[in-house]
Amino acid sequence: MDKDSVLIHILKSKGTPTLLGGDLPFRVINDNKYISPLSAEGEVREENLPTVDQAIHTALSGENETVILIGSEGSGKTTTVEKLVVDWAKGVHLQNFEYVFHFRFKDLNAHEDALSLETLIQRCHQYFPPRSMHLVLQKPEDVLFVFDGLNECKYSLDPSVLTLCSDPTQAVSVDCLVASLLHGSLLKGAAVVLATRPTANLKFLNGSQVKVLGFLKPQRKAFVNCFFTDAAAANKALMHMERTLGFYDFSTSPRFCWTVCSVYKPLIDSGGKLPETLSQLFVDILVGLIQTLSVSQAEGTELVLALGKMASHCSVEQHLSCTKAQMYSFGFQQFLTSVDTFLRVDGEMESDTCVLSFHSQLIQEFILALSFFLDKTTYTSAEKMLKKHEDGTKFLDVFLSGLSEPTQRRPLENFLGEFNPDRVKDFKQWFKSSSEEALQGYNADKHYGCFRLLHQAQNESLVKEIINSSARIGLSYGSLTLQDCVPWSYVVTCLAGTKSLNLYNAKNLTEEMAEVLAPAMSLSLKIVLQRSFLSTGAVPHLASALNRGITTELDLSYSRLGDEKLKILCTGLRDCKIQELCLQSCNVTEESCEDLVSVLASGTSQLCLLVMSFNKIGDQGFAKLCDALHSPHCKLQELQLDGCDLTEASMKVFSAALRSGQSELKKVILARNTMDDSGVEALCISLQHPLCKLQSLNLYTCELTGACCSHLKEALMSEYCTLSELELSVNELGQEGALLLCQALRRPGCPLEKLGLTRCELTRPVFEELGSVLKSGTSQLKSLSVGLNKVGDQGVKHLWDAVAHPSCLLEELDVEMTQLTDACVEDLCTAIRASKTLKKLEMRNNSLTDASIPALVQVMQDSHGMQEMNLKYNEFSEDLFDMLETCKKIIY
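Residues numbered from 1 in each chain as written. Predicted model: local features only at pLDDT ≥ 70, side-chain atom pairs only at ≥ 80, totals over all residues. Heavy atoms only, no water.

J.: So, the pairing of strand β2 (residues 66-70): which residues are in play, and what are the values?
T.: Burial analysis of β2 places five of its five residues in the buried class, which makes it a mostly covered element. Alternating positions in β2 separate into two faces, Thr-66, Ile-68 and Ile-70 on one and Val-67 and Leu-69 on the other, with burial throughout. Judged from the five bridges that link them, β2 and strand β5 (residues 191-196) form a sheet pairing that is parallel. Bridge pairing links Thr-66 to Val-192 in β5. Alignment of β2 against strand β6 (residues 208-214), held across four bridges, turns out to be parallel. Within β6, the position partnered with Leu-69 by the bridge is Val-210. (Buried < 20%, exposed > 50% of the residue type's maximum accessible area, 1.4 Å probe, protein only. Helix = DSSP H or I, 4+ residues; strand = E, 2+ residues; numbered from the N terminus. Pairing = 2+ DSSP bridges.)

J.: Got a sec to walk through the pattern of salt bridges? Specific residues and values, please.
T.: Two side chains of opposite charge can pair, provided their charged atoms sit close to one another. One pass over the full model with this rule turns up 34 salt bridges. Residues Asp-87 and Lys-83 are paired through a salt bridge, measuring 2.9 Å at the closest nitrogen-oxygen approach. Note that Asp-87 and Lys-83 are positioned in helix α4 (residues 77-89) at a spacing of four residues, about one turn of the helix. For Lys-83, a relative accessible area of 17% gives the class buried. (Salt bridge = Lys/Arg side-chain N within 4 Å of Asp/Glu carboxyl O.)

J.: Summarise the sheet that holds β2; cite the residues concerned and give the values.
T.: Reading across the sheet, the six strands line up as β1-β6-β2-β5-β4-β3 and stay open at both edges, with mixed pairing between neighbours. Pairing within the sheet leaves two strands with one partner each, and these edge strands are β1 (38-40) and β3 (99-104). Averaged over neighbouring strand pairs, the angle between their axes works out to 20° when direction is ignored. Bridge count between strand β4 (residues 143-148) and β5: five bridges; the pairing is parallel. (Axes fitted to C-alpha atoms, helices over the stretch in contact; angles between N-to-C directions.)

J.: Give a detailed account of the sheet that holds strand β7 (residues 322-323), specifying residues and quantitative values.
T.: Spatial strand order, β7-β9-β8: three strands in an open sheet with antiparallel pairing. The open sheet has two free edges, formed respectively by β7 and β8 (343-346), since each of these has just one partner strand. Of the strands in this sheet, β7, β8 and β9 (355-358) touch helix α13 (residues 297-317), which is tilted by about 85° from β9. (Contact = heavy atoms within 4.5 Å.)

J.: Report on the environment of Leu-610, specifying residues and quantitative values.
T.: Structurally, Leu-610 is set in strand β14 (residues 609-611). Residues Leu-610 and Leu-639, 29 residues apart in the sequence, show an inter-C-alpha distance of 5.1 Å.

J.: Can you explain the packing of helix α30 (residues 709-717) against helix α31 (residues 734-746)? Please cite residues and give values.
T.: Where α30 contacts α31, the axes come no closer than 8 Å and their chain directions differ by 5°. Compared by their axis directions, α30 and α31 come out roughly parallel. Here Cys-709, Ser-710, Leu-712, Lys-713, Leu-716 and Met-717 of α30 lie close against α31, whose contacting residues are Gly-737, Ala-738, Leu-740, Leu-741, Gln-743 and Ala-744. Among the residues forming the contact of α30 with α31, the class breakdown is eight nonpolar, three polar and one charged. (Parallel < 35°, antiparallel > 145°, perpendicular 65-115°, else oblique. Nonpolar A, V, L, I, M, F, W, Y, C, P; charged D, E, K, R; others polar.)

J.: Residue-level account of the environment of Glu-703, with values.
T.: Mapping Glu-703 onto the fold places it in the loop between β17 (696-698) and α30. In the structure, Glu-703 is positioned 188 residues away from Glu-515 in sequence and 46 Å away in space, judged by C-alpha atoms. Those residues in contact with Glu-703 that sit more than four places away from it in its chain are Thr-674, Asp-676 and Asn-731.

J.: Can you break down the environment of Thr-199 residue by residue, with the values?
T.: Along the chain, the position of Thr-199 falls in the loop between β5 and β6. For Thr-199, a relative accessible area of 24% gives the class partly exposed. As for Thr-199 and Asn-151, which are separated by 48 residues in sequence, their C-alpha atoms are 5.4 Å apart. Sequence-distant contacts of Thr-199, defined by excluding residues within four places in its chain, comprise Leu-150 and Asn-151.

J.: With reference to specific residues and values, describe the pairing of strand β11 (residues 524-528).
T.: Regular strands have side chains that alternate between both faces of the sheet. As defined by bridge partners, strand β10 (residues 498-502) adjoins β11 across four bridges and the pair is classed as parallel. Bridging from a neighbouring strand, Leu-501 pairs with Ile-527 of β11. In terms of handedness, the path from β10 via helix α23 (residues 511-522) over to β11 forms a crossover that is right-handed. Bridge count between β11 and strand β12 (residues 553-555): three bridges; the pairing is parallel. Following the sheet pairing, Val-528 is matched in β12 by Asp-555. Each parallel crossover has a hand, and the one from β11 via helix α24 (residues 538-548) to β12 is right-handed. (Right-handed = clockwise from strand over helix to strand, strands pointing away.)

J.: Run through the packing of aromatic side chains, naming residues and quoting values.
T.: Taken as a whole and assessed by the stated rule, the structure comprises 29 aromatic pairs. Here the aromatic rings of Phe-215 and Phe-223 are separated by 5.9 Å at their centres, their planes lie at 50°, and the arrangement is tilted. When its relative accessible area of 3% is taken as the criterion, Phe-215 is described as buried. In this structure Phe-223 comes out as buried when scored by relative accessible area, which is 13%. Ring centres of Phe-373 and Phe-419 lie 5.7 Å apart, and the angle between their planes is 15°; this geometry places the pair in the stacked category. Taken together, the positions of Phe-373 in helix α15 (residues 361-374) and Phe-419 in the loop between α18 (406-416) and α19 (421-439) put the pair 46 residues apart, joining distant regions of the chain. We note that Phe-373, like Phe-419, is buried. Grouped by ring-pair contacts, the aromatic residues Tyr-99, Phe-101, Phe-103, Phe-105, Phe-128, Phe-145 and Phe-147 constitute a single cluster. The ring centre of Tyr-558 lies 4.3 Å from the NZ or CZ of Arg-531, which sits over that ring. (Phe/Tyr/Trp six-rings, centres within 6.5 Å; stacked < 30°, edge-to-face > 60°. Lys NZ or Arg CZ within 6 Å of the ring centre and 35° of its normal.)

J.: Describe helix α6 (residues 117-124), and please don't skip the residues or the numbers.
T.: By the burial criterion, the buried members of α6 are Leu-117, Leu-120, Ile-121 and Cys-124. In an axial view of α6, the angular spread of the buried residues amounts to 95°, which keeps them on one side of the axis. Buried positions along α6 lie against α1 (3-11), β3, α5 (105-108), α7 (133-138), β4 and α8 (174-182). (Arc of directions from axis to C-beta.)

J.: An account of the side chain of His-455 is requested, with residue identities and associated values reported.
T.: With respect to the helices, strands and loops of the structure, His-455 is situated in helix α20 (residues 444-457). For His-455, a relative accessible area of 7% translates into the label buried. Ignoring any residue separated from it by four or fewer positions in sequence, one finds His-455 in contact with Phe-247, Thr-277, Val-486, Pro-487 and Tyr-490.

Following this line, the structure appears as structure tokens:
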């Protein structure tokens, strides 16, 4: 096969490039400007994606005889397959094939007579000598067929409705011939590379599918650098493209990149302003196209209205193209010689068989929006128009929003005349009412839609008008995409800030997303990234936003942050306004504690609350954090270390820090750590020290016994003790230990106001002593939890008696699962009526029955002080739920 003839055939001039149609493949290849698009098989991941070229070669070098390239419009498929043929002809790749035949489906559609494979090859590849045909037929494995544009195939490839042939000399219809080749019955063993947009015919084909992604940022950079000869212009174009358009899916299209660069170049050369939004880009595109035509304002308007009718037809009927007869019905009679400026023409314009189509869905929708505003003949509401086209459009409302603003539509009005003011007004009214309704709801996708339209409008006063006090913009936007980040950040910037930027459960916050959101982050008082996943590249942008912003609260709980990312984050935490930082369950280890110490002791950190719960920092990590507590610059007041693998070994270091005179700690949670009694003993030394400021200590389920209570008693008896809250629940303190605590509670001046003793093996004598303490007049207790201690009615009676006593200050009492029965109700009601302080009573999981309900409802209705009684999971029947429902203060 004469490869030089193949090169001449594939690289011969075929038309001229157009602004919307993109550069021509043969020019791209001839000028050495080809950049292979990226590909993916299965799930798309941006790291180390192979190029389409690599994917094709890999597939063909294996057992795959058919490789199917699937990509959207303008993704580079045609240029790629033509480059494939050129590389073969130049001896660069695929030299295991002796023969390569390239076909376009739009050309194959023109063959309506019966053909044999031999005849088809001769017609489409006239340079191929007939004498060589027998070699093709003898060794099919040496043959590669390249088909481009399966989506343009006008017939079905369903083998169940076709009679496939196997004889290369048999004359059959072209659809049968192509189907026989693709299904392997004809010239079995030959390889096939097929390029197509998504199409119904794909379901009939087997082979290795390669998804054509197009260009990501590195490829766009290479493309722009190749397009612009001046490095400064290239850099300016690239930065602007990435900022204003790089977040759209279609920015991966090489054709779209070419169009954008073609718009940017004259603007950069002349010092003009580059378009800020998608709408502004297409305004510039259309102005440029109209300027190439010698038409009056009236003729230009008539042309756009005709294009609008075509766009509406294609959208509603879901057709990609229109016939010449249909074009006449839209009003194109006088414009057929100039439509190729706007449309793709397949076939000769003089022929009735030619078909016309928009170069992209985007220009189709922009023309539709433009024609809506230009039409002054009939009245159609914006809502009705959007509803009519909702199934066939994606950006129609976006373009309507952009064009509704005077500053954006003015360049077009200069060429096409003034827009219909009634339609502009109607769209604005629809936009405002629909946005206000959407923003008062909880559907995040509808919020994103509103933000996108506001971004396109580029009207700061409109943002402030629509995002009013009733808008629920604090709900989670964790589902947002890169495309959603830009308008959301724009909205926050226009509002000059937000109380909360809620990105809860953001599955993959990429570097690009974080970069776009950085301005919004810096203007947010609180940032919620709970259960989110931040890429490593995203963290520096978050750190930078914190460093220069107003954020005071950052929630990263359950975000799997890890040591490496936290180290990066700490660069921003050292000098920012963050006061509360939640790192619960972030896969942080001892390694990160040193970085946190550098933040806490920096002198510029404002951090007051640090949550480190459920991170395996261990004793050594905690010991490092204690170093910060010795620093005069550390402002930490609350430290949460629930479930951090701590033992008694680190408590001496912690105790020393608490009494160092530098520590400002007032609240510490050490729950779910193996403290043991000796650890409590070490802490109690500090609790008695005059320099210790601790007010709240949580030792929930720390494997403590009654032996620790003597140390706690000693601490609580100290005149220097400032502890007002003590949580000891789910520890086996027993009767002896609890009675020791009661002795401390009797001390006049004992500061304890809240005590947790749930499931601590307490007995009736303990309850009796607690009741006595509460009545003593010396106890300051306002909250007491003694649930899950099996003392029954007789044990809890001591507490009812205490509640009724005028010296008792209790406001909250928890007696959940203490084996209460209806027998306690009389004493309970007496206590509630007598108490001047009790507000909340927890009585879940007891054995109260229907018989107690009337009295409980009555006493709660009569009480002015009681705010809540929780009676869930008692033995009530549904028959009395209506009675319980009459008292809103009862939870049942």
